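Given next are the chains, with one letter for each unit.
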Amino acid sequence: MMHVTIEGLDQGTIEVQLEILPREGEYLKIMYGADAEIEGQVASVNHYINQHANEQKVRISLKPIN
């Protein structure tokens, strides 16, 4: 599992655990409540890896679907 921050949303950022990362251009639908969902297209996927600190961060940026 990877800890992922999803940004580019009007609601702010969302942090989730993912097993598989989406690719640029894919569409995501995120359900974050009983009646709440967000849809967007993946604009970028950025990885930060610090081998010495055994740290990995992943940030996904979404853009609105037109």
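Residues numbered from 1 in each chain as written. Predicted model: local features only at pLDDT ≥ 70, side-chain atom pairs only at ≥ 80, totals over all residues. Heavy atoms only, no water.

K.L.:
Even after reading the chapter, I still don't get the sheet that holds strand 3 (residues 27–31), so can you show me in this structure?
P.N.:
Backbone-to-backbone hydrogen bonds join strands into a sheet, with any given pair of strands oriented parallel or antiparallel. Strand order in the open sheet formed by 5 strands is 2-1-5-4-3, and the pairing between neighbours is mixed. The open sheet terminates on both sides in strands that have one partner only, identified here as strand 2 (12–18) and strand 3. Neighbour to neighbour, the strand axes of the sheet diverge by 40 degrees on average, direction disregarded. Where strand 4 (residues 37–50) lies against strand 5 (residues 55–63), 9 bridges are found, and the strand directions are antiparallel. Across the sheet, residue Asn50 finds its bridge partner in strand 5, namely Glu55. (Pairing = 2+ DSSP bridges. Helix = DSSP H or I, 4+ residues; strand = E, 2+ residues; numbered from the N terminus. Axes fitted to C-alpha atoms, helices over the stretch in contact; angles between N-to-C directions.)

K.L.:
I'm lost on the pairing of strand 3 in this one. Help?
P.N.:
Within a regular beta strand, the side chains point alternately toward one face of the sheet and then the other, so they alternate between its two faces. Here strand 3 shows a buried face lined by Leu28 and Ile30 and an unburied face lined by Tyr27, Lys29 and Met31. Across 5 bridges, the pairing between strand 3 and strand 4 is antiparallel. By the bridge assignment, Leu28 is partnered in strand 4 with Gly40. Taking the residues between adjacent antiparallel strands as the criterion, strand 3 and strand 4 are bridged by 5 residues. (Buried < 20%, exposed > 50% of the residue type's maximum accessible area, 1.4 Å probe, protein only.)

Remember, this is a structural readout, not a statement about activity or role.
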